Amino acid sequence: MPVTPPATAQAPPEPQKEDAARKASVDTKSESTLTKAPSQEALQSHSSPVPHDAPLGWLEFAIWFEPNANRLMVHIVRAGQLPPMDMNGLADPYVKIHLLPGHAKSWKLRTRTIYATLSPEWDQILPYVGMAPSDLIHRTLRLRVYDEDRIGAELVGECRIALDRFAAGRKETFLVPLQKAKEDEAAQEMGSPDRGKMRLRLVYHSSRQMLTVTVVSCAHLLPMDTNGFSDPFVKVQLSGDKRKWKTTVRKRTLNPEFNEEFHIPLAATEHARRRLCFEIWDHDVGKKNDYLGAVTLSATVKCPLARQLWSEVFSHKDKAQEKWLPLQDQLEPSL
């Protein structure tokens, strides 16, 4: 009796090819969602094949710096092989990122939570605004994956990336295993309190002898309210002038956008002995407003960036000059 040969079993796909195809698909998807990302030639990948020996799982993300917009961009793509954290054998993961050193709430950003999964896909971009290239030097980005619970959250694992090399504007992608959290929180987050920054645009109109001042925005302000935010507004005054100008209040934010313009009469011959003062406050109802910081512009202030901006406004009349300036503890006296 003839024996029918068994059907030839189809060979399973090679795991490496399967992983490569899957990663290529994800990379294509993530690249299409990046805003103003550098060209493909500038892309440098530090990702490796999806690790199979990562007990805490792995995280895929991209980082790049936009010098023209003063933004550090972090694209959280996905995670995988996360350990089960809940009784149903799944987890409710989200990612929290933190610029170190720094303790202000504005240095901490997070993704949305994706429920009931061990392989979440966020595809979410988290921007840090008001960042200069010098702000990346000796700074570290910490990325942590958490499991959200009804009360609080449980840490799954973390990874850390030094930011010095991103100052040149290049983009890098990473796919790295999560590690156990380091026990150095106090040391990493120590440092001088950072009050944040203010972005100003000034132009001196020589024909009208008028200084036009635009309070553009602020970034990384200190939280002064119990909700972890502030309600900031800015006061503007020119020394020797009793008048004061004030922006509107921006509610519940540490990175307010104002874009409010003020016109201040000023003779060009007087700018060397005048000071333009900006104070930012947290607006409170029924009690005294909280002080957030100050910027002083004059020819003799200690802050070199403020001194430079004031000089450029009057050396390049009728042309707008714009800068990010650090907030000081108080208005600077003239030297």
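Our subject is the structure that appears above.
(A) Main features of the packing of aromatic side chains. Tallying each qualifying case throughout the model produces five aromatic pairs. For the pair Tyr-94 and Tyr-146, a centre-to-centre distance of 5.5 Å together with 15° between the ring planes defines the contact as stacked. Remark: Tyr-146 occurs in strand S7 (residues 140-148) and Tyr-94 occurs in strand S4 (residues 93-100); sequence separation between them is 52 residues. Through pairs of rings, three or more aromatic residues link up here, namely Tyr-204, Trp-310 and Phe-314. Just above the ring of Tyr-146 sits the side chain of Lys-96; from NZ or CZ to the centre is 5.5 Å. The positively charged end of Lys-235 is found above the aromatic ring belonging to Trp-281, 5.2 Å away from the centroid.

(B) View of a positive patch on the surface. A cluster of basic side chains, namely Lys-96, Lys-105, Lys-108 and Arg-252, defines a positive patch on the protein surface. Relative to the elements of secondary structure, Lys-105 occurs in the loop between S4 and strand S5 (108-110). A relative accessible area of 35% places Lys-105 in the partly exposed class.

(C) Structural view of the sheet that holds strand S12 (residues 232-238). Taken in spatial order, the four strands line up as S13-S12-S15-S16 in an open sheet, and their pairing is antiparallel. Every other strand in the sheet has two partners, leaving strand S13 (245-246) and strand S16 (290-297) as the edge strands with one partner each.

(D) The arrangement of the nonpolar core in detail. In terms of nonpolar packing, the biggest core is built from 34 residues, with Leu-200, Leu-202, Leu-276, Phe-278 and Leu-297 touching the most fellow members. By size, the runner-up hydrophobic cluster in this structure holds 30 residues, among which are Val-74, Leu-126, Phe-166 and Phe-174.

(E) How the structure looks around the pairing of strand S2 (residues 58-66). Most of S2 is tucked away, with nine of its nine residues classed as buried. Residues Trp-58, Glu-60, Ala-62, Trp-64 and Glu-66 line one face of S2 and the alternating positions Leu-59, Phe-61, Ile-63 and Phe-65 line the opposite face, and both faces are buried. Examined bridge by bridge, S2 and strand S3 (residues 71-80) share nine bridges and lie antiparallel to one another. Following the sheet pairing, Leu-59 is matched in S3 by Ala-79. In sequence, S2 turns back onto S3 through a hairpin of four residues, with Asn-70 there showing a positive phi of about 55°. Bridging between S2 and strand S9 (residues 171-177) involves seven bridges; their strand directions are antiparallel. Paired with Leu-59 across the bridge in S9 is Val-176.

(F) Molecular detail of helix H3 (residues 304-315). In this model, H3 (12 residues) spans 16 Å end to end at C-alpha, consistent with the 16 Å of a helix rising 1.5 Å per residue. Every buried residue of H3 is listed here: Ala-306, Leu-309, Trp-310, Val-313 and Phe-314. Down the axis of H3, the buried side of the element spans an arc of 120°, and every buried residue falls inside it. Elements that come into contact with the buried residues of H3 comprise strand S10 (197-205), strand S11 (210-219), strand S15 (276-282), S16 and strand S17 (321-326).

(G) Spotlight on empty space enclosed by the protein. Scanning all chains against the criterion turns up one cavity of 30 Å³ or more. In this model, the largest cavity occupies a volume close to 30 Å³. Residue lining of the largest cavity: Val-295, Thr-296, Cys-303, Ala-306, Leu-325, Pro-326, Gln-328 and Glu-332, and that is the complete set. For the lining of the largest cavity, the secondary structure elements donating two or more residues are S16 and S17. Across the lining of the largest cavity, the residue classes tally to five nonpolar, two polar and one charged.

(H) Inspection of the side chain of Lys-323 at higher detail. Looking at the secondary structure, you find Lys-323 in strand S17. Excluding residues that lie within four positions of it along the chain, Lys-323 makes contacts with Met-198, Arg-199, Leu-200, Leu-305, Gln-308, Leu-309 and Glu-312.

(I) The arrangement of unusual backbone geometry in detail. Following Leu-100, the chain continues to Pro-101 via a peptide bond in cis, the omega torsion being -5°. Locating Pro-101 in the fold gives a position in the loop between S4 and S5. At His-220, a residue that is not glycine, the phi angle is positive and equals roughly 60°. By the secondary structure assignment, His-220 is in the loop between S11 and S12. Assessed through its relative accessible area of 2%, His-220 is described here as buried. One non-glycine residue with positive phi stands out, namely Asp-318, at about 70°. Relative to the helices and strands, Asp-318 is located in the loop between H3 and S17.

The rules behind the values
- Residues numbered from 1 in each chain as written.
- Predicted model: local features only at pLDDT ≥ 70, side-chain atom pairs only at ≥ 80, totals over all residues.
- Heavy atoms only, no water.
- Phe/Tyr/Trp six-rings, centres within 6.5 Å; stacked < 30°, edge-to-face > 60°.
- Helix = DSSP H or I, 4+ residues; strand = E, 2+ residues; numbered from the N terminus.
- Lys NZ or Arg CZ within 6 Å of the ring centre and 35° of its normal.
- Patch = residues over 30% accessible without salt bridge, like charges linked within 9 Å, V, L, I, M, F, W, Y side chains within 5 Å.
- Areas by Shrake-Rupley, 256 points an atom, 1.4 Å probe, with all protein chains shown as cover.
- Salt bridge = Lys/Arg side-chain N within 4 Å of Asp/Glu carboxyl O.
- Lys, Arg positive; Asp, Glu negative; His and termini not counted.
- Charge placed at Lys NZ, Arg CZ, Asp CG, Glu CD.
- Buried < 20%, exposed > 50% of the residue type's maximum accessible area, 1.4 Å probe, protein only.
- Pairing = 2+ DSSP bridges.
- Core = buried A, V, L, I, M, F, W, Y, C linked by side-chain atoms within 4.5 Å.
- Expected span 1.5 Å × (residues − 1).
- Arc of directions from axis to C-beta.
- Contact = heavy atoms within 4.5 Å.
- 1 Å grid on protein atoms, 1.4 Å probe; cavity = no way out; pocket = protein on both sides within 12 Å on 5 of 7 lines; lining within 4 Å.
- Points joined across faces, edges and corners; volume = space filled by probe spheres on them.
- Nonpolar A, V, L, I, M, F, W, Y, C, P; charged D, E, K, R; others polar.

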